[in-house]
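# Observations on chain architecture
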Amino acid sequence: MRFCPRCGGVMVPVKKGDKTILKCTRCGYEMALDKSSERDYKGASKADEKKVLTTTVVSKEVQQNKEESKEELEQAKEDYYELVLDEMGEYGDQTS
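Just so you know, the residues in each chain are numbered from 1, in the order the chain's sequence is written. The predicted origin of the model limits local features to residues at a pLDDT of at least 70 and limits the giving and counting of side-chain atom pairs to 80 or more, whereas totals for whole chains, interfaces and linings rest on all residues. Only hydrogens and water are set aside; all other atoms, that is, all heavy atoms of the structure, feed into the side-chain values.

### Here's the deal with the overall build of the chain
Helix and strand definitions here come from DSSP, where helices need a minimum of 4 consecutive H or I residues and strands a minimum of 2 consecutive E residues; each element is numbered from the N-terminal end. Across its full length, the chain holds 1 helix and 4 strands. Of the regular secondary structure in the chain, the N- to C-terminal order runs β-β-β-β-α. Of all 96 residues assigned to the chain, the portion counted as buried reaches 11%. We call two residues in contact when some of their heavy atoms are within 4.5 Å. Taking as baseline every contact in the chain between residues at least 6 positions apart, the subset at least 24 positions apart corresponds to 16%. Summed over all atoms, the accessible surface of the chain reaches about 8300 Å², with 53% contributed by carbon and sulfur. Each residue is placed in one exposure class: buried if its accessible area under a 1.4 Å probe, protein chains only, is under 20% of its type's maximum, exposed if it is over 50%, and partly exposed if it falls in between. Here the Shrake-Rupley method, with its probe set to 1.4 Å, supplies the accessible areas, and only the displayed protein chains count as covering residues.

### Section: the pairing of strand 3 (residues 19–24)
Bridging between strand 2 (residues 10–16) and strand 3 involves 6 bridges; their strand directions are antiparallel. Looking at strand 3, one finds that Val-14 is bridged to Ile-21. Any two strands with at least two DSSP bridges between them are considered paired. Hairpin connection of strand 2 to strand 3: 2 residues between the antiparallel strands, including Gly-17 at a positive phi of 70°. Pairing of strand 3 with strand 4 (residues 30–32) involves 3 bridges; the strand directions are antiparallel. Within strand 4, the position partnered with Leu-22 by the bridge is Met-31. Linking two consecutive strands that pair antiparallel, namely strand 3 and strand 4, is a turn of 5 residues; a positive phi of about 85° is found at Gly-28 within it.

Here is the structure:
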């Protein structure tokens, strides 16, 4: 990881034409890479793509769990409502 010589911001690899350069996230300063460093940064960008795909899969599973939780919550509400009505009916019979 490199930092910008101007402002100290993080330098990230950016594809510019057929070359990869480092660009500051704060001020936009650009720095050319030598061939050995360029190979290192290309490998890092491929790993990041895999992480994004993994996150997407997890998000789908979380969304499915939320839908199941909503159904369970609705069922619990119905059960509670029935229980309350039964209890109110019993108390109503005793006080009449």
